[in-house]
Amino acid sequence: MSYGFIALYTVLAVAFGILPAIYALFLAFTTGDGGFAGIDNFTKVIGDFRFLPAVEHVALYLLFWLVALVVLVAFLALIVHAISVRWLSRSLRFIFYLPGALAGASSVLLWLFVLDPTASPVSGLLHLFGFSSFVQVIVPTHLPPVFAIIAFWTGAGGWIVIMYGALNNISHDVIEAARIDGATTVQIALRIQLPLLRKWISYMGIMSLAAGTQLFVEPQLLSQASNAIVPNDYSLNQLAYQYAFQQNDFNGAAAISLLLLVIALALSAVFVTRGGLFERG
Amino acid sequence: MTTVDIGRHATRRRSDLSGWSGRTIVGVVIAIFVLFFAIPIVWLLLATTKSAHGLIVSDPFLPGSISDFAANWDQLFGFQDGAVTSWVGNSALYALGALVITLIASIPAGYAMALTEFKFRRLLLVLTLIVMLIPNTALVLPIFLELNVVGLIGSPLSVILPMAFFPFGVYLTYIYFSTSVPRDLLAAARLDGCSEFQVFTRVALPLAAPIIALVGFFSFVQSWNNFFLPFVMLPSSDGYPVQVGLTSLLASTPAFNPSSAGAQSVQLPTLALATVISVLPVLIVFLFAQRFLVAGMTAGGTKE
């Protein structure tokens, strides 16, 4: 009978989890007409002049984003948690979390407005930095921090709310004991609260790292909005898309997808086996 | 660093943070972040009430007029003979279709994994965990290649079915049933003569309302906001969900794409309105669901 309960889920898991992965594996090691290709597809995509720049773009973006995420989320969660006025703490969490509703294309579109000095609500700020046109704001060297800001704006609030919850779970006795021993708020934060948050911070880091390697919608929309000042092969996923739909080279696309998939799988496997979050599994 | 050093730092920080100036600094930092998170949303809502000219010349934080809002509304829904209406309809179809299948598939599966014994249970659980942590864009191109073979590309099923595979939902259900429903309760029902199916429908399901709502919330939000999957699967504009439709609107906005000036061109406030409409259902769900978000994302960490 148990098999009846899991039947539909198993079918979906095979069809949209396992089979596509195996099919991508097959394509990545074969040629267009089905012959065995060895590692040719991989050497081809890695040797592509667009590949290394795309890796560099994604890596830089991840660097900015993860550092901002880890430092600021922990910091803001600690502060929000330290505020004893209830309605204030609750309103702050709500304000931080609400942008999470604008994911994907919607948040990118919103930020296009914000970054366009002619319409922007913060055009003064943009002019202060010497930007007077949209094109100046989105020159390619600015993009990693720009994408990091967009991702932070959208995603940070949810994590702040979660860290806040984790902070609430720390026993009052521990904090009280530390306070009686003369610890200051800052000492409590650094020596007790942060170490106890570590598990959640690493969870956030790994999930965000895995998701960040998949960068697609941000550069895709920006490339459209900038009349291709931002190239349409800016990120690895975009490059895979170009291989599949512009060059009709599904084998090359599969090779890139597989590289990205291996990274994501490795990260999640490390986390499942060593992260300690899923101990009962 | 010596102990003395640490002590000195701590005392200095103490006076920084609990004193008047410390509070001011924290207050300023918080204010900056509040502005950072709130300004874009507030501005976006106000922008929908302005004319294209008004957006540029008027104070960004003053509302425009109802008539300008109506004009933007007309322009948006007049775009390509009402394309926006059908995009929103498509989004609803895809997100709700995926939601229904997700619930039918994942609630029984999570239940079985938590409260029954069967071969491969552990294998299925580990597989679920690993796939759950893979970003959902990672498999999109392989799924495209697969569905291309069976000729489903362009049909609504090509987005609904992949979105209905939702391991996170199964995992949440598994956690819920293994922590909130005692096995003894099921054993008692079996003693009373219930079949396995009856145990599920009469005992487990009535207790599952909270988890159904939680899985439904995550599934809906994720499907509605999904961009890459429909972008790849649906070549024709008729089938776009609103998230992908936004790209068409963007391409017709002269402010961002100067080559598009013409009869069908879209003004900035209209694009702002489109952005608001594209997130409205999720925004409404979000307003009431902060508790859900926390409950879902911390589910993994409750077992210490």
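Calculation rules
- Residues numbered from 1 in each chain as written.
- Chains lettered and ligands numbered in written order.
- Predicted model: local features only at pLDDT ≥ 70, side-chain atom pairs only at ≥ 80, totals over all residues.
- Heavy atoms only, no water.
- UniProt positions renumbered as here; feature names shortened; annotations may be inferred.
- Patch = residues over 30% accessible without salt bridge, like charges linked within 9 Å, V, L, I, M, F, W, Y side chains within 5 Å.
- Areas by Shrake-Rupley, 256 points an atom, 1.4 Å probe, with all protein chains shown as cover.
- Salt bridge = Lys/Arg side-chain N within 4 Å of Asp/Glu carboxyl O.
- Helix = DSSP H or I, 4+ residues; strand = E, 2+ residues; numbered from the N terminus.
- Core = buried A, V, L, I, M, F, W, Y, C linked by side-chain atoms within 4.5 Å.
- Buried < 20%, exposed > 50% of the residue type's maximum accessible area, 1.4 Å probe, protein only.
- Domains from an automatic or database assignment.
- Contact = heavy atoms within 4.5 Å.
- Axes fitted to C-alpha atoms, helices over the stretch in contact; angles between N-to-C directions.
- Parallel < 35°, antiparallel > 145°, perpendicular 65-115°, else oblique.
- Left-handed = near helix turned anticlockwise from the far one by under 90°.
- Polar contact = N/O pair within 3.5 Å; in protein donor to acceptor, adjacent residues only side chain to side chain.
- Buried area = accessible area lost by both parts, 1.4 Å probe.

If you check an unreviewed UniProt entry, chain B appears there as Carbohydrate ABC transporter permease from Microbispora oryzae. Quoted verbatim from the Sequence similarities (unreviewed entry) field of UniProt, the annotation for chain B is "Belongs to the binding-protein-dependent transport system permease family." Quoted verbatim from the Subcellular location (unreviewed entry) field of UniProt, the annotation for chain B is "Cell membrane".

Within an unreviewed UniProt entry, the label attached to chain A reads Sugar ABC transporter permease, and the organism entered is Microbispora oryzae. Its UniProt record, at the heading Sequence similarities (unreviewed entry), says of chain A: "Belongs to the binding-protein-dependent transport system permease family." Database annotation for chain A, UniProt heading Subcellular location (unreviewed entry): "Cell membrane".

S.K.: Can you walk me through a nonpolar patch on the surface in this structure?
M.R.: On the surface, L60(A), L63(A), F64(A), V67(A) and V71(A) cluster together to form a nonpolar patch covering roughly 450 Å² of accessible area. Its place among the elements puts V71(A) in helix α3 (residues 51-82).

S.K.: For this particular structure, what's the right way to read the nonpolar core?
M.R.: Across soluble globular proteins, you tend to see nonpolar side chains buried next to one another. Ranked by size, the top nonpolar core spans 197 residues in total, and within it V73(A), F147(A), Y111(B), F177(B), L249(B) and F256(B) carry the most contacts. At 17 residues, helix α8 (residues 143-168) of chain A tops the list of elements feeding residues into this core. Shared between two domains, this core takes at least three residues from each, and those domains are domain 1 (1-40) and domain 2 (83-302) of chain B. If sequence neighbours within four positions are ignored, F256(B) has contacts with L112(A), F113(A), D116(A), F134(A), Q224(A), A225(A), S226(A), N227(A), L250(B), L268(B) and L271(B).

S.K.: What is the right way to look at the packing of helix α9 (residues 172-180) of chain A against helix α10 (residues 185-212) of chain A in this model?
M.R.: Helices that pack against each other are described as a pair by the angle of their axes relative to one another and the distance between those axes. All names here are of chain A. Axis separation between α9 and α10 bottoms out at 10 Å; the angle between their running directions is 130 degrees. The angle between α9 and α10 falls in the class oblique. Between α9 and α10 the crossing geometry is right-handed. Contact residues: V174, I175, A178 and R179 in α9; T185, I188, I192 and Q193 in α10.

S.K.: What exactly am I supposed to notice about the side chain of Q214(A) here?
M.R.: As for its position among the elements, Q214(A) is in the loop between α10 and α11 (217-225). At a separation of 3.5 Å, a polar atom in the side chain of Q214(A) contacts the main-chain amide nitrogen of A138(B).

S.K.: Explain the interface of chain B and chain A to me, please; I cannot follow it from the model alone.
M.R.: Accessible area lost on assembly of the parts is the figure often given for the size of an interface. Taken together, the contact between chain B and chain A spans 102 residues of the former and 97 residues of the latter. Taking both partners together, chain B and chain A bury about 9100 Å²; carbon and sulfur atoms supply 78% of that area. Three residues, F37(B), L133(B) and F256(B), lead the burial of chain B against chain A; their summed loss comes to 9% of the area buried on that side. Between the two partners, chain B and chain A, sit 0 salt bridges. The interface formed by chain B and chain A holds 11 residue pairs in polar contact (both at pLDDT 80 or more) in total. The biggest single contributor to the side of chain B that touches chain A is helix α2 (residues 20-47) of chain B, with 13 residues.

S.K.: Explain the UniProt feature "transmembrane region" (unreviewed entry) in chain B here, please?
M.R.: Residues and elements named next belong to chain B. Within this structure's numbering, the places UniProt gives as "transmembrane region" (unreviewed entry) are residues 20-46, 92-111, 123-145, 157-178, 199-221 and 268-289. Across residues 123-145, the secondary structure splits into 74% helix and 0% strand, with the terminal C-alpha atoms separated by 26 Å. In residues 157-178, the share of helix is 91% and the share of strand is 0%. The end C-alpha atoms are 33 Å apart.

S.K.: When you look at the UniProt feature "transmembrane region" (unreviewed entry) in chain A in this model, what are you seeing that I'm missing?
M.R.: Residues and elements named next belong to chain A. With numbering matched to this structure, UniProt assigns "transmembrane region" (unreviewed entry) to residues 6-29, 58-83, 95-115, 145-167 and 253-272. The span residues 6-29 carries 96% helix and 0% strand; its end-to-end C-alpha distance comes to 33 Å. End C-alpha atoms of residues 95-115 are separated by 21 Å, and the span's content is 71% helix alongside 0% strand.

S.K.: I tried to follow unusual backbone geometry on my own but got confused; where do I start?
M.R.: What you tend to see is this: most non-glycine residues have negative phi, and most peptide bonds are trans. The backbone of N248(A) shows a phi angle near 50 degrees, a positive value even though the residue is not glycine. Among the structural elements, N248(A) can be located in the loop between α12 (236-245) and α13 (250-274). The backbone of F120(B) shows a phi angle near 70 degrees, a positive value even though the residue is not glycine. With respect to the helices and strands, the residue F120(B) is situated in the loop between α5 (83-115) and α6 (121-133).

S.K.: Would you explain the pattern of salt bridges in this entry?
M.R.: One side chain can pair with another of opposite charge once the charged atoms of both are near each other. With the rule as written, the count across this model stands at 5 salt bridges over all chains. Residues D48(A) and R50(A) are paired through a salt bridge, measuring 2.9 Å at the closest nitrogen-oxygen approach. With relative accessibility at 12%, the residue D48(A) sits in the buried group. In this structure R50(A) comes out as buried when scored by relative accessible area, which is 15%. R190(B) serves as the salt-bridge partner of E196(B), at 2.4 Å between the closest nitrogen and oxygen. For E196(B), a relative accessible area of 25% gives the class partly exposed.

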